[in-house]
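# Survey of secondary and tertiary structure
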Amino acid sequence: MSKKTLIPILGDQLSHGISSLSDQDPDKSILLMMEVDAETTYVKHHKAKIVYIFSAMRHHAAALRERGWIVDYVSLDDPENTGSFTGEVARALERHPVESIRITEAGEWRVMSMIENWQDQFNVPVTICPDDRFIATHQEFEEWAEGKKQLRMEFFYREMRRKTGLLLDDDGKPEGGKWNYDAENRKPAQSDLMMPQPIRFQPDEITQDVLNLVAEKFTDHPGSLDHFHFAVTRKEALRQRRKFLDHALAQFGDYQDAMLTGEPFLWHSILSPYLNSGLLDPLDLCREVADLYADGKVPLNAAEGFIRQIIGWREYVRGIYWREGPDYAQRNFLEARRPLPGFYYTGDTDMLCLSEAIGQTLDFAYAHHIQRLMITGNFALIAGIDPHAVHKWYLEVYADAYEWVELPNTLGMSQFGDGGIIASKPYASSGNYINKMSDHCASCRYDVKKRVGENACPYNALYWDFLARNEVKLKDNNRLAMPYRTWNKMDADARKQLRGSAKKFLEQL
Ligand code: FAD
Ligand code: SF4
């Protein structure tokens, strides 16, 4: 029997154009897809996240077979399953005559270090192909970052605009004269019966099998399966993309930061799980957004705001993840040590903003950016929660969470654990910001206008306590000069009351 190339396809490599398959001959290749315990349990992923990934993998395997590839698929309940990628590659080498292994680089340090051992471990040549689904290569990010004192996303984003040509005029200048229209993207929203909702895809037989498997095997994992609605094929993901582009994108810019009680999705795209697992291509999506702007179908603040999230933030956090190295996960600049409150796993708190954000997270494995940053993230930051516990929670509960994208967003942007590589100041705020951007406070048992006392909004005292607690580390940050001036101008009694109120709250947390 002629020897073949073994091509493992990981759960976030569900793109037909994945680099490991390019120029390969289906007759000389065996594709290996593996559902393994180690990946489902190294943190306790939300049940719906596991269903999404396994079902999308099973559908992708079928689509690959239709295109003529031989796919060796190891399911989680296979009695011979060893439970790890390395164990499954070892078994596949026994099943098939293999002369080499070829794989697209993994999306996290942990899995990369496994793959890097395979050549020595199995005595078979291993080729690791770059993941070309991203716009910036590792080298391009390094070259951009080299020698810079500060790595601000905005300047990297402009490079990506130049590289892709997105939203540039014929002279290479940004459309409309400005690179960034974020200032126009901060409107609070009103409840709107016409608000678009993501398509709820009905589980087919494959998804139903996975739903049963996960319901039985992962009983102690967070989250509900009752609302499972994700697309699990490229075709379905394309339908959700179409729905977003035609019905939500035009409003995406205006209401990007808004929050409404009982409305988990607003005008967001709900495309991150599909972009991150490979069902959709990010650049292709951005090109269509730019075309819709050029055709006058969506305003510039919407098109630019959306494209910035993808070719700016998404690419930038990936660059930071790989540049900073595996020890990035251990950083804790503010030395925050408090454990994560139990209500992050139940949503059971009187703070309405938190119960809304956490409740929908447990129901749908989804919350939008401002909920993640300014509700759950902000609370953890000002309450002094250990950033590693916060990182673990975000990695568990969101369907789009893979370490390359989740860790820099959580530990860096949201918890300031890297001391300011990503964020120029901590994203800490009192209840005032939440009141401005949402309708939650009006129905909350706490009073957002009160700073101390039984019914005072906890975010208020915690915010000032956070600044006071971290004064030595943060007082020289120019962007915090104003709040520190205000704090230092407050009379001693007011300061004492605020700190006392925060202490009392934290003690009962
Ligand atoms: P939309 O609001 O419609 O935005 C469009 C797309 O832009 C998203 O699909 C996503 O691909 C991209 N995007 C937007 N913001 C970011 C960002 N900051 N970083 C990377 N991509 C971005 N995103 C993840 O994909 N996975 C994560 O694990 C993740 N963890 C996060 C943790 C924290 C603490 C914070 C503050 C943000 C996190 N984000 C993460 C970014 C962002 O919240 C999600 O990408 C977004 O909410 C996904 O929903 P959507 O597809 O409806 O996005
Ligand atoms: Fe959240 Fe405070 Fe508003 Fe309640 S009052 S919803 S706790 S910000």
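Here, every reference points to the structure presented above.
Below or above, wherever it landed, is the structure these notes cover. Values in this document were obtained by computation on a predicted structure and should not be read as measured data.

What counts, and at which threshold
Residues numbered from 1 in each chain as written. Chains lettered and ligands numbered in written order. Predicted model: local features only at pLDDT ≥ 70, side-chain atom pairs only at ≥ 80, totals over all residues. Heavy atoms only, no water. Helix = DSSP H or I, 4+ residues; strand = E, 2+ residues; numbered from the N terminus. Buried < 20%, exposed > 50% of the residue type's maximum accessible area, 1.4 Å probe, protein only. Contact = heavy atoms within 4.5 Å. Lys, Arg positive; Asp, Glu negative; His and termini not counted. Charge placed at Lys NZ, Arg CZ, Asp CG, Glu CD. Pairing = 2+ DSSP bridges. Right-handed = clockwise from strand over helix to strand, strands pointing away. Core = buried A, V, L, I, M, F, W, Y, C linked by side-chain atoms within 4.5 Å. Near = heavy atom within 4 Å. Polar contact = N/O pair within 3.5 Å; in protein donor to acceptor, adjacent residues only side chain to side chain. Areas by Shrake-Rupley, 256 points an atom, 1.4 Å probe, with all protein chains shown as cover. Nonpolar A, V, L, I, M, F, W, Y, C, P; charged D, E, K, R; others polar. Domains from an automatic or database assignment.

### Topic: the overall build of the protein
Each helix and strand counted, the protein has 21 helices and five strands in total. By its C-alpha atoms, the protein is 85 × 55 × 50 Å across when sized along the principal axes. Across the 509 residues that make up the protein, the buried fraction comes to 59%. The contacts in the protein between residues at least 6 apart in sequence include a share of 75% that link residues at least 24 apart. Side-chain charges of the protein comprise 61 positive and 74 negative groups, with the mean position of each set lying 6 Å from the other.

### Considerations on the pairing of strand β5 (residues 126-129)
Bridge count between strand β4 (residues 98-104) and β5: four bridges; the pairing is parallel. In the strand pairing of β5, I103 is matched with I128. In this fold, β4 hands off to helix α4 (residues 109-122), which returns the chain to β5; that crossover is right-handed.

### Let's talk about the nonpolar core
Formed by 171 residues in total, the largest nonpolar core has its most connected members in L249, Y316, L354 and F379. A per-element tally of this core places helix α12 (residues 300-324) first, with 12 residues. L249 has contacts with F244, V289, L292, V298, A302 and F306, leaving out every residue within four places of it along the chain.

### Topic: the site of ligand 1
Contacts to ligand 1 come from 28 residues, most closely from H268, S269, I270, N276 and Y366. Contacts to ligand 1 include Y366, whose side-chain N or O atom sits 2.7 Å from an oxygen atom. Contact with the protein chains covers 99% of the free accessible surface of ligand 1, which is 820 Å². Ranked by residue count, the leading element in the shell around ligand 1 is helix α16 (residues 403-414), at six residues. For the shell around ligand 1, a count of residues per class yields 14 nonpolar, 10 polar and four charged. Mapping the shell around ligand 1 onto the domain boundaries places at least three of its residues in each of domain 2 (138-196 + 248-324) and domain 3 (342-508).

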